[in-house]
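Coordinate analysis (summary)
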Amino acid sequence: MTSMYDEFNATTAVTIASLVESQHANTPGQSSYAPGTCAQCTPAGCAQKEWADKILAEHRAAREAFRNRTS
Ligand SMILES: [Zn+2]
């Protein structure tokens, strides 16, 4: 049985992760929050950013593996 959650695939995750990273970009004027932070940030860190970092790290590793493939 298919649920709507099956639609949340790798492409979707990478897209959302990219948005999270953009929100954390240390660029004054591009966020309504303090530069380099988001609404989820705490002095102890940011669960949203940690999630995004993990997703993007996996994505970049997979992309690198694809580039380095031997065919
Ligand atoms: Zn944050």
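What counts and how
Residues numbered from 1 in each chain as written. Predicted model: local features only at pLDDT ≥ 70, side-chain atom pairs only at ≥ 80, totals over all residues. Helix = DSSP H or I, 4+ residues; strand = E, 2+ residues; numbered from the N terminus. Buried ≥ 20, exposed ≤ 12 C-beta atoms within 10 Å, placed from the backbone. Expected span 1.5 Å × (residues − 1). Arc of directions from axis to C-beta.

**A look at the overall build of the protein**
- The helix and strand inventory of the protein stands at two helices and zero strands.
- Sorting the 71 residues of the protein into buried and exposed places 7% on the buried side.

**As for helix 2 (residues 47-67)**
- Across its 21 residues, helix 2 extends 30 Å between first and last C-alpha, which sits within 8% of the 30 Å expected from 1.5 Å per residue.
- A small share of helix 2 lies buried, amounting to one of its 21 residues.

**Re helix 1 (residues 10-23)**
- Compared with the 20 Å implied by 1.5 Å per residue over 14 residues, the 20 Å span of helix 1 between its first and last C-alpha is a close match.
- Those residues of helix 1 lying buried are Ala17, Val20 and Gln23. Around the axis of helix 1, the buried residues are gathered within 115 degrees of arc, so they sit on the same side. Exposed side of helix 1, more than 90 degrees from the buried face: Thr11, Thr15 and Leu19 are the residues found there.

So far we have only geometry, and geometry alone does not tell us how the molecule works.
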